[in-house]
Amino acid sequence: MTPTILQFQNVDFQWADATKPLIQNFTWSLEPGEAFYLDAPSGQGKSTFLKLATGLLKPTRGKILRDTKQIGFAFQDQRLLPWLTPYENLKLAMRHPDDEQIHKLLARVGLTQKAEQHTSTLSGGEAQRINIARALLNNPLLLVLDEPFNGLDEENAQICAELIQEWKNHSPENTLILTTHLHKFQTLCNAKKLVFS
Amino acid sequence: MTTAKHKIWGIVPLLICLLLWGGLSWLNQGRVIPTPLETARAFLGIIQDPECWQDLLATILRGLAGLLGGGMLAITAGIFCGRHPKIHDAVSPVITLVQSCPPIVWISLLLVWLSIGNAVPFTVVFLSVFPVLFVNTATATRGLDERWFELAKIYRFSRWKHLTAIILPGISQGLAAGFSYALGITWKVTATAEFFGAQNGIGARIYKCYREMALPQLFAWTLLIAMVGVVIEALLIQKIRRK
């Protein structure tokens, strides 16, 4: 039997106040090393799907099985703790804090100078780069990226795409799910299209 | 407006109060309201007496012990209930009941149960600040953005990280406001409990002045306890607010 990292078994999901399900009878499995991008119009549940995949939401019906806890998630809304500096935000997310790795990643995303500044002083693009760096920090087995290039200029989007590609190349087991409205990044890491609704 | 100008404007209401006080005292010729000058003389006399500092220390220690004891339990229970809304809703009526009880009820009962001593002011302060800080903490915790907890779930934060990185920083402003209010209650309740049920402390001194009708001294002790409240508020609460 092929090993899977994530399995959706006849999954339904419906918000409590909705009249019809967002996801209906969806069965799918994700094998180690695969990469997928979600294809659905805006507001059709891409973020909800990612939350189901990572266990942040429970399905209304059916089962979702995960074979790893090593997950990195770049949230669409960044979610940096505003009372911490970028450096502290990264350190907090690390299972085994490693200063060298944090500084290396900060340098890669061009934010060494801002490491100790108040997070609230970061621009949207800078916060997004920290968000991506945080998702990659623990070298996750499953990387989930929700519109990771939002708010990034072309140069920084390219830098982040390279970082993601390096992480993917680092191990044949590394698995990716992403959503992005930018066509040029939809096939990042040879991602295949996934239609779920 | 600059900070210096703010400070000057802050003095104006105090000067108005002083003028009103002087005016009222002048109207009744100092019979039941001592003049500010008489009070100032009595104040100087009190602070030159070594016993004053022992009374002051006794009041501060009783007040702070009750505040810290009640505060620690309130924060712990408040955070727990804030994260478990059903339990919070279930215990809320009991907390409201305790909060509605006037301190004089606790003082009366505790004097019967525990007799005169440190236990009465400590317990009354404890019971008076607990509901205030519990409600404050539980409400602030319930108001925390759930998205932070999703972040914590993804990055598998330990309970300690949950508490120190998300909950405490997230509720610190609400907590500072609650502690500021509780601190005000603390000195009022400590002095009242000492008035009825202690042999030393500022409240006991106020009782003695009342029995002897030593009004300038009574005003001076009142001034002293108010100053303690202001200084401790500035030392503790303002620091939390600035963080």
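Residues numbered from 1 in each chain as written. Chains lettered and ligands numbered in written order. Predicted model: local features only at pLDDT ≥ 70, side-chain atom pairs only at ≥ 80, totals over all residues. Heavy atoms only, no water.

Q: I would appreciate a short explanation of the pattern of salt bridges in the present structure.
A: Close approach of charged atoms lets side chains of opposite charge pair. Counted under the stated rule, the structure contains 16 salt bridges over all chains. Between B:Glu150 and A:Lys51 there is a salt bridge whose closest N-O contact spans 3.3 Å. With B:Glu150 in helix 7 (residues 146-154) and A:Lys51 in helix 1 (residues 46-54), the pair connects residues from two separate chains. A:Glu126 is the salt-bridge partner of A:Lys114, the closest N and O atoms lying 3.0 Å from each other. Placement of A:Lys114 in the loop between helix 3 (99-108) and helix 4 (124-136) and of A:Glu126 in helix 4 is noted, with a sequence separation of 12 residues between them. Residue class for A:Lys114 comes out partly exposed when judged on its relative accessible area of 24%. Taken together, the shared-partner salt bridges connect A:Lys51, A:Asp77, A:Arg79, B:Asp145, B:Arg147 and B:Glu150 into one network. (Salt bridge = Lys/Arg side-chain N within 4 Å of Asp/Glu carboxyl O. Helix = DSSP H or I, 4+ residues; strand = E, 2+ residues; numbered from the N terminus. Buried < 20%, exposed > 50% of the residue type's maximum accessible area, 1.4 Å probe, protein only.)

Q: Even after reading the chapter, I still don't get helix 9 (residues 202-211) of chain B, so can you show me in this structure?
A: Because the α-helix completes a turn every 3.6 residues, residues three or four places apart line up on one side. Every buried residue belonging to helix 9 of chain B is among B:Ile202, B:Gly203, B:Ala204, B:Arg205, B:Ile206 and B:Cys209, and all of these are buried. Backbone geometry just after helix 9 of chain B places B:Met213 at a positive phi near 55°.

Q: Help me understand the interface of chain A and chain B in this model?
A: How big an interface is tends to be reported as the loss of accessible area on association of its parts. Between chain A and chain B, the residue contacts involve 24 residues of the former and 14 residues of the latter. In total, about 1,800 Å² of surface goes out of reach between chain A and chain B, with carbon and sulfur atoms giving 60% of it. Contact with chain B buries area across many residues of chain A, yet A:Arg79, A:Trp83 and A:Leu92 alone supply 32% of it, more than any other trio. Between the two partners, chain A and chain B, sit 3 salt bridges. Counting the contacts that link chain A with chain B gives 11 residue pairs in polar contact (both at pLDDT 80 or more). Residues of the side of chain A that touches chain B, tallied by class, amount to 12 nonpolar, 5 polar and 7 charged. (Contact = heavy atoms within 4.5 Å. Buried area = accessible area lost by both parts, 1.4 Å probe. Polar contact = N/O pair within 3.5 Å; in protein donor to acceptor, adjacent residues only side chain to side chain. Nonpolar A, V, L, I, M, F, W, Y, C, P; charged D, E, K, R; others polar.)

Q: I keep staring at the packing of aromatic side chains and nothing clicks. Help me out?
A: Two measures describe an aromatic ring pair: the distance that separates the ring centres and the angle between the ring planes. Throughout the structure, instances matching the rule amount to 18 aromatic pairs over all chains. Ring geometry for A:Phe73 and A:Phe75: centres 4.3 Å apart, planes at 10°, overall stacked. For A:Phe75, a relative accessible area of 2% translates into the label buried. Through successive ring pairs, a cluster of aromatic residues spans A:Phe8, A:Phe26, A:Trp28, A:Phe36 and A:Phe49. Over the ring of B:Phe149 we find B:Arg83, and its NZ or CZ is 3.5 Å from the ring centre. (Phe/Tyr/Trp six-rings, centres within 6.5 Å; stacked < 30°, edge-to-face > 60°. Lys NZ or Arg CZ within 6 Å of the ring centre and 35° of its normal.)

Q: Help me understand the domain arrangement of chain B in this model?
A: Residues and elements named next belong to chain B. Splitting chain B by domain gives domain 1 (1-31) and domain 2 (34-242). On a C-alpha basis, the centres of domain 1 and domain 2 stand 28 Å from each other. Between domain 1 and domain 2, the contact holds 5 residues from the first and 6 residues from the second. Taken over both partners, the interface formed by domain 1 and domain 2 buries close to 460 Å², and the fraction arising from carbon and sulfur atoms is 70%. The largest share of the area that domain 1 buries against domain 2 comes from Trp-21, Ser-25 and Gly-30, three residues that together contribute 77% of it. At the surface where domain 1 touches domain 2, the tally comes to 0 salt bridges. Remark: the boundary between domain 1 and domain 2 carries 2 residue pairs in polar contact (both at pLDDT 80 or more). (Domains from an automatic or database assignment.)

Q: Before we go on, may I ask you to explain the nonpolar core in this structure?
A: Burial of nonpolar side chains together is a common tendency in soluble globular proteins. A:Phe8, A:Trp28, A:Phe49 and A:Phe149 are the most contacted members of the largest nonpolar core, which totals 127 residues. Dropping the residues within four chain positions of it, A:Phe8 is found in contact with A:Phe26, A:Thr27, A:Trp28, A:Phe49, A:Leu52, A:Ala53, A:Lys63 and A:Ile64. (Core = buried A, V, L, I, M, F, W, Y, C linked by side-chain atoms within 4.5 Å.)

Q: Would you explain the side chain of B:Arg205 in this entry?
A: Residues and elements named next belong to chain B. Looking at the element boundaries, Arg-205 is found in helix 9. Looking at Arg-205, the relative accessible area reads 17%, which means it is buried. Excluding residues that lie within four positions of it along the chain, Arg-205 makes contacts with Asp-49, Glu-51, Asp-55 and Trp-221.

Q: Even after reading the chapter, I still don't get the sheet that holds strand 1 (residues 6-13) of chain A, so can you show me in this structure?
A: One key point about sheets: their strands pair by backbone hydrogen bonds, in either a parallel or an antiparallel sense. All names here are of chain A. The antiparallel open sheet is built from 3 strands, whose spatial order is 2-1-4. The two strands at the open ends of the sheet, each matched to only one other strand, are strand 2 (23-30) and strand 4 (61-66). Averaged over all pairs of adjacent strands, the angle between strand axes in this sheet comes to 10°, irrespective of strand direction. Here 5 bridges tie strand 1 to strand 4, and the two strands are oriented antiparallel to one another. Each bridged residue has a counterpart across the sheet, and for Gln-7 the counterpart in strand 4 is Leu-65. Each of strand 1, strand 2 and strand 4 touches helix 1; the most contacted strand, strand 1, lies at about 125° to it. (Pairing = 2+ DSSP bridges. Axes fitted to C-alpha atoms, helices over the stretch in contact; angles between N-to-C directions.)

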